[in-house]
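For reference, the chains in residue letters:
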Amino acid sequence: MNKSAEKTIDLVNRNLAKRYRAEKRFRFYGLLSISFGLLCLLFLFTDIIGKGHSAFLQTYVALDIHFDEEVLGIDNIDDPAQLMVANYDGVIRKALRDQFSEVSSRRDKRALYALISNGAGFDLQREFSLNPRELLGQTRTFWLVADDDVDTYLKSYRGSGEAFTGRLSEQQRGWVQTWVAEERIEKRFNRIFFTSGDSREPELAGIRGAIMGSLFTLAVTLVLSFPIGVAAAIYLEEYAPKNKWTDLIEVNINNLAAVPSIIFGLLGLAIFINFFEMPRSIPLVGGIVLTLMTLPTVIISSRAAIKSVPPSIREAALGIGASKMQMILHHVLPLAMPGMLTGAIIGMAQALGETAPLLMIGMVAFIVDIPGAVNDPATVLPVQIFLWSDSPERAFVERTSAAIMVLLAFLIIMNTLAVWLRKRLERRW
Amino acid sequence: MDTSTLLAITAALAALAYVIGRGRSLSQAADIGGIRKLNSLPFYYGMLTALWCGLPALLLLVLWLIFDEAIIQALLIESLPADMRDLGGSELGLLLNSVQNIANGNSAGITNPDLLAAGQLLVSLRENSQRALAVVVLSGGLLFGVFGWARIRPQQKARFQVEAVFKIVLLLCSCIAIVTTLGIVLSVLFESLRFFQTVPFFDFVFGLDWSPQMAIRSDQVGGSGAFGAVPLFAGTLLISAIAMLVAVPTGLMAAIYLSEYAGSRIRSAVKPMLEVLAGIPTVVYGFFAALTVAPMIRDNGAVLGLDVSSESALAAGLVMGVMIIPFVSSLSDDVITAVPQSLRDGSFGLGATQSETIRQVVIPAALPGIVGGVLLAVSRAIGETMIVVMAAGLAANLTANPLESVTTVTVQIVTLLVGDQEFDSPKTLSAFALGLMLFVVTLALNYIALHVVRKYREQYE
């Protein structure tokens, strides 16, 4: 007996160090997993910010523009139609030729013109139309948008030793260097990125159209999913009898919450586009599809909020003679509102980041115009990111990352708002 | 008058009905001795009148909008000359299409006077329909509103009736979930059945060759198209398996550390940060996978002398795994914290270390819940779209090598359906068949997972 007891304690002592080591290892694995997750998060954010921060600056070139009547092709300055169609590109080209007078062959000229963006003429037109009388015949210095190749070249040039030349020839780089030496080139805040719609030219592409599309889509989603979700939650929590039908509704809600989002896209395509013949690419259809997708989220969180209102409140209301509808609308709903709003915001955040179902209903079209209503063709921010990430130009990579930063900023704001609402307004009983 | 103004006018009419109905109940109450003599509050009389006015108008509007296209089309066909009317379905459809075009203002190239006349007729029919709609809806609303107004009596149980309508509206809202499920099943099923009429079901499920390109001319190379979905299933499984290999150990260990070891301060700081990973849109992960992770893996593979595809399954799987980590960890966290403290205390009392307790007591007790969570995560991975669309390939390779490019079910659905397409070619319809497979598989996984989790919960409650 005595011997065997000694044996056991020996055994325990012998193994103790090993067991403690195992314990430490196990803890270490846990720490490792958490660090891995957090490192991935850090890596993702630094990668995207590192790629995208430069897109908020855009290269501009200062040119001495001479508003020559002949080059512009204007003979009557009071005719707005003439001001619209005047040859502004010609003026820019002339300014370029004047500066680099040694350029003579057609090919070289074309290479020179390529340094300035195609959209610079529109800027010039806008400036000129403001006061044509004063500017006609005058020479002024204007900062014009440079082509994306110049932009990428200069950004990588200042970043590291080896510059990314892209499509720029040695000759073109020489001209750019001349500008740099003359301090005619400057990086300014990229306003175009926030004020214009999509474009094939990276330097003219912006996210305004996508943001407006997202706003319209989200507005439709909110207007539909919040009232319907709250109504469904009220029914299920306050009215629904315990029967097969109610069970069926609950099972369906729980299942829909886990159905892949692309399936909702198939539903939208088959029902709304194919059967009801609604137009493609409009925020209205996108909003309806996203409503069906976010409805389970809204219903589940609204039910939780209604459930958290204590029964004593209901009984007190019924006790002083309120009807069931009065009890719900006057007492339960106001008390549950913060929780419902939190759920709605989280559902909206989910809808804002969703891409796949919108691809199905045709919101991937190339749309330049900024949508002005829920039935204008539009695209949304995540889809814009998807479209740009497919573009071969290097300048689109930084714009894609910048668009991602904007999208993430929106999501962070929405989620912070949800957390703040929950902390601030939610009452605990 | 377009539909939205009509809706606005109807709403205004209903609001007016509310005011008038409420006023009538008040004036009736004044005659018989104050509000207390009314059966319900004046608000309910107003509401009831508004409902009498608004609901029939809305119903008429919806019915009209559903049926007017069909009626207009029937009238249009009626107006066409007999030889055109007797054409077969598709040719008649083409004719009607050109009539639509004429009505929409681009009659270029169409000279047939019958068709031009039909276009004119369509324009006028549409205008008349809009006008008639406005008249019918507004007069209907007015008529029923007056009827409701005339019915107001002090004895009328207005509150009861309004609440009954309220309850019905709530019930209808909660039935939308069922309607949605039904819509998904029907839309996917019908298109799939049409697909299976051209491609046999077993060829689709067990076929080893996937190349959905249908030739326009029959003599083209690869004219028939092959619809064997096994490479897609294999690719989906491969990528999901890689994702699970990343997400399950990491998520589980993170959940164990957070719930068993970490203090409340670390827990409250780290948990939300991990959950940020779940809130990042999938398109961002896709961009990250395609532009950062995939080139990184390819370059590292080249250093090691491996030939890695630039659209390797590994990149998509890894990034998808990272996305799913918080999903696994929060689900496991819930079930681990649900394990009663008494089990742990018993194990500690026998002299077990903390890790031994976790491995031999807590995890086995929580296993059903963890399995349920993992199943949900698998269904997440199978249905995930954007990461694979952006980072995985299009070529349907049947391979188990994670360094090669594979394609998945969701990638094929997206590539087949993005852009304009006809709804009668097997190529488009095959996407719905894939969607049906996806829906059935994820539904089964969710059902099993929820079942397992629920059964487990009952054990400790």
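Cut-offs and rules
- Residues numbered from 1 in each chain as written.
- Chains lettered and ligands numbered in written order.
- Predicted model: local features only at pLDDT ≥ 70, side-chain atom pairs only at ≥ 80, totals over all residues.
- Heavy atoms only, no water.
- Helix = DSSP H or I, 4+ residues; strand = E, 2+ residues; numbered from the N terminus.
- Contact = heavy atoms within 4.5 Å.
- Areas by Shrake-Rupley, 256 points an atom, 1.4 Å probe, with all protein chains shown as cover.
- Lys, Arg positive; Asp, Glu negative; His and termini not counted.
- Charge placed at Lys NZ, Arg CZ, Asp CG, Glu CD.
- Salt bridge = Lys/Arg side-chain N within 4 Å of Asp/Glu carboxyl O.
- Buried < 20%, exposed > 50% of the residue type's maximum accessible area, 1.4 Å probe, protein only.
- Core = buried A, V, L, I, M, F, W, Y, C linked by side-chain atoms within 4.5 Å.
- Buried area = accessible area lost by both parts, 1.4 Å probe.
- Polar contact = N/O pair within 3.5 Å; in protein donor to acceptor, adjacent residues only side chain to side chain.
- Nonpolar A, V, L, I, M, F, W, Y, C, P; charged D, E, K, R; others polar.
- Domains from an automatic or database assignment.
- Patch = residues over 30% accessible without salt bridge, like charges linked within 9 Å, V, L, I, M, F, W, Y side chains within 5 Å.
- Axes fitted to C-alpha atoms, helices over the stretch in contact; angles between N-to-C directions.
- Parallel < 35°, antiparallel > 145°, perpendicular 65-115°, else oblique.
- Left-handed = near helix turned anticlockwise from the far one by under 90°.

## Some thoughts on the overall build of chain A
If you tally the helices and strands in chain A, you get 19 helices and 3 strands. For chain A, the spread of C-alpha atoms along the three principal axes comes to 105 × 75 × 40 Å. Sequence separation of at least 24 residues holds for 77% of the intrachain contacts in chain A that already meet a minimum separation of 6. Only carbon and sulfur atoms are counted for the fraction: they give 58% of the accessible area of chain A, which is about 20,800 Å². In chain A, the 44 positive side-chain charges and the 43 negative ones have mean positions that sit 15 Å from each other.

## Side note on the pattern of salt bridges
Residue and element names in this part refer to chain A. If you walk through the whole model with that rule in mind, you get 21 salt bridges over all chains. Between Glu182 and Arg184 there is a salt bridge, and its shortest N-O distance comes to 3.1 Å. Accessibility expressed as a relative area gives 17% for Arg184, which makes it buried. Between Arg188 and Glu186 there is a salt bridge whose closest N-O contact spans 3.1 Å. According to the relative accessible area criterion, Glu186 is partly exposed, its value standing at 34%. What you see here is one network of salt bridges that share partners, running through Asp151, Lys155, Glu398 and Arg399.

## Overview of the nonpolar core
Grouped together as the largest cluster of nonpolar side chains are 192 residues, with contacts concentrated most on Phe264 of chain A together with Phe204, Tyr285, Ile324 and Ile413 of chain B. Residue contacts for Ile413 of chain B: discarding those within four places in its chain leaves Ile262, Leu266 and Met360 of chain A together with Ala431, Leu434, Gly435 and Leu438 of chain B. If you look at the next biggest cluster of nonpolar residues, it comprises 37 residues, including Leu83, Ile92, Phe100 and Ile116 of chain A.

## Brief notes about the interface of chain B and chain A
With 81 residues of chain B at the contact, the number on the chain A side is 74 residues. Summing both partners gives a buried area of about 6,700 Å² for chain B against chain A, and 78% of it is carried by carbon and sulfur. If you look at where chain B meets chain A, you find 1 salt bridge. In this structure, the salt-bridge partner of Glu356 of chain B is Arg19 of chain A, at a minimum N-O distance of 2.8 Å. Taken together, the links from chain B to chain A amount to 12 residue pairs in polar contact (both at pLDDT 80 or more). With 10 residues, the top contributor of residues to the side of chain B that touches chain A is helix α7 (residues 176-198) of chain B. Taken together, the residues of the side of chain B that touches chain A break down into 53 nonpolar, 21 polar and 7 charged.

## So, the domain arrangement of chain B
Along its sequence, chain B is carved into domain 1 (3-172) and domain 2 (226-460). Summarising the inter-unit geometry, the C-alpha centres of domain 1 of chain B and domain 2 of chain B are found 49 Å apart.

## Details of the environment of Gly46 of chain B
Residue and element names in this part refer to chain B. The topology assignment puts Gly46 in helix α2 (residues 42-79). Along the sequence, Gly46 and Gly23 sit 23 residues apart, while their C-alpha atoms lie 7.7 Å from each other. Those residues in contact with Gly46, other than ones at most four positions away along the chain, are Ala17, Tyr18, Gly21 and Arg22.

## Some words on the domain arrangement of chain A
What the domain assignment reports for chain A is domain 1 (2-53), domain 2 (56-198) and domain 3 (208-425). A straight line from the C-alpha centre of domain 1 of chain A to that of domain 2 of chain A covers 60 Å.

## Focus: the environment of Arg126 of chain B
Residue and element names in this part refer to chain B. Looking at the secondary structure, you find Arg126 in helix α5 (residues 113-150). Given the relative accessible area of 27%, Arg126 is considered partly exposed. Residues Arg126 and Leu304, 178 residues apart in the sequence, show an inter-C-alpha distance of 70 Å.

## Section: a nonpolar patch on the surface
Judged by side-chain polarity, Leu59, Val62, Leu63, Ile66, Phe67, Ile71 and Leu75 of chain B come together as a nonpolar surface patch covering roughly 680 Å² of accessible area. With respect to the helices, strands and loops of the structure, Ile71 of chain B is situated in helix α2.

## Considering the packing of helix α11 (residues 282-303) of chain B against helix α12 (residues 313-338) of chain B
All names here are of chain B. α12 packs onto α11 with a crossing angle of 135° between their chain directions and a minimal axis gap of 9 Å. The orientation of α11 relative to α12 falls into the category oblique. Classified by chirality, the crossing of α12 by α11 is right-handed. Contact residues: α11 offers Thr282, Tyr285, Phe288, Ala289, Val293, Ala294 and Ile297, while α12 offers Leu314, Ala315, Leu318, Val319, Val322 and Met323.

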